[in-house]
Amino acid sequence: EPGLPERLLHDILSDHNPLAHKALLLQIQLRQLWDDARANCPAGRLLIRKELYRRSETLDQLLEVQFDQLKSGWPQQLDSGLALDVLYGFTTPLSTAAVLVNERVLETYRHIPDFPDFYNALKNTCLLLEQGRFSTRLAHDALAPIIRRRFAESDKPGQRAARILESKK
């Protein structure tokens, strides 16, 4: 729709924070617009309209939007802290993105019903990116400190359990 590209770029570029990761925000917002347009017009010509655009000014807000999208299909996994736990595994102690072998991730969570489907849903949010056929990484280093902070501050059962286990070591 005319005017939407300019509005999107204006919103992203209006953040004068030099640490803002504009390319990642743009990538995920364009993906959301594309997915929403495809859902609204599955058989015809796609029209990406202004009302489909949801502004996310920061990566923290963007992470919340992605979690909200997951909540409709995976509420228990979000409420338990599983999503945050999985994403936390894709961070390093230096708050950067980590690459993990898919087989290792699936083995770690093998006790959770439907985990392979949930893992794919996480990848579909653009928070995780496949690195070839066998491994996956966090979408961007900039997400790692946000995920680590949220994990440390979370009072969800998964994170409480992790803190209890850590204190017993």
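Look a little higher up for the structure.
Just so it is clear, the structure is predicted and the values come from calculations on it, not from any experiment.

J.: Just to check I follow, could you spell out the overall build of the protein for this structure?
T.: For the protein, the helix and strand inventory stands at nine helices and three strands. In sequence order, the protein lays out its α and β elements as α-α-α-α-α-β-α-α-β-β-α-α. Residues classed as buried in the protein amount to 38% of the 169 residues present. The long-range share in the protein, meaning contacts at least 24 apart out of those at least 6 apart in sequence, stands at 62%. Total accessible area on the protein is roughly 10100 Å²; 56% of this is exposed by carbon and sulfur atoms.

J.: Can you help me understand the pairing of strand 2 (residues 128-131) in this one?
T.: Consecutive side chains of a regular strand alternate in pointing toward one face of the sheet and then the other. Where strand 2 meets strand 3 (residues 135-138), four bridges bridge the pair, whose relative direction is antiparallel. In the sheet register, Glu130 faces strand 3, and the bridge partner there is Thr136. Following strand 2, the chain reverses through three residues before pairing antiparallel with strand 3; Gly132 in that reversal takes a positive phi of roughly 75°.

J.: How should I be thinking about the nonpolar core in this particular structure?
T.: Most often, soluble globular proteins have nonpolar side chains that are buried together. Phe67, Leu87, Phe90, Phe115, Phe118, Leu122 and Leu138 are the most contacted members of the largest nonpolar core, which has 32 residues in total. At the level of elements, helix 3 (59-71), helix 5 (82-89), helix 7 (115-124) and helix 8 (143-153) are the ones that each hand at least two residues to this core. Each residue touching Phe115, except ones within four places of it in the same chain, is listed here: Leu82, Val86, Val105, Leu106 and Tyr109.

J.: Honestly, the side chain of Thr92 in this entry has me stumped. Any pointers?
T.: With respect to the element layout, Thr92 can be found in the loop between helix 5 and strand 1 (99-101). Of the residues examined, Thr92 reaches a relative accessible area of 19% and is grouped as buried. For Thr92, the contacting residues outside a window of four places in its chain are Ala97, Ala98 and Arg148.

J.: What am I meant to see in the packing of aromatic side chains here?
T.: The geometry of an aromatic ring pair is captured by two quantities: the separation of the ring centres and the angle between the planes. Overall, the coordinates contain six aromatic pairs when judged by the stated rule. A ring pair is formed by Tyr109 and Phe115, whose centres lie 4.7 Å apart and whose planes are at 20°; its orientation type is stacked. Each member of the pair, Tyr109 as well as Phe115, carries the same accessibility label: buried. Through a chain of ring-to-ring contacts, three or more aromatic side chains come together here, namely Trp74, Phe90, Tyr109, Phe115, Phe118 and Tyr119.

Parameters and conventions
Residues numbered from 1 in each chain as written. Predicted model: local features only at pLDDT ≥ 70, side-chain atom pairs only at ≥ 80, totals over all residues. Heavy atoms only, no water. Helix = DSSP H or I, 4+ residues; strand = E, 2+ residues; numbered from the N terminus. Buried < 20%, exposed > 50% of the residue type's maximum accessible area, 1.4 Å probe, protein only. Contact = heavy atoms within 4.5 Å. Areas by Shrake-Rupley, 256 points an atom, 1.4 Å probe, with all protein chains shown as cover. Pairing = 2+ DSSP bridges. Core = buried A, V, L, I, M, F, W, Y, C linked by side-chain atoms within 4.5 Å. Phe/Tyr/Trp six-rings, centres within 6.5 Å; stacked < 30°, edge-to-face > 60°.

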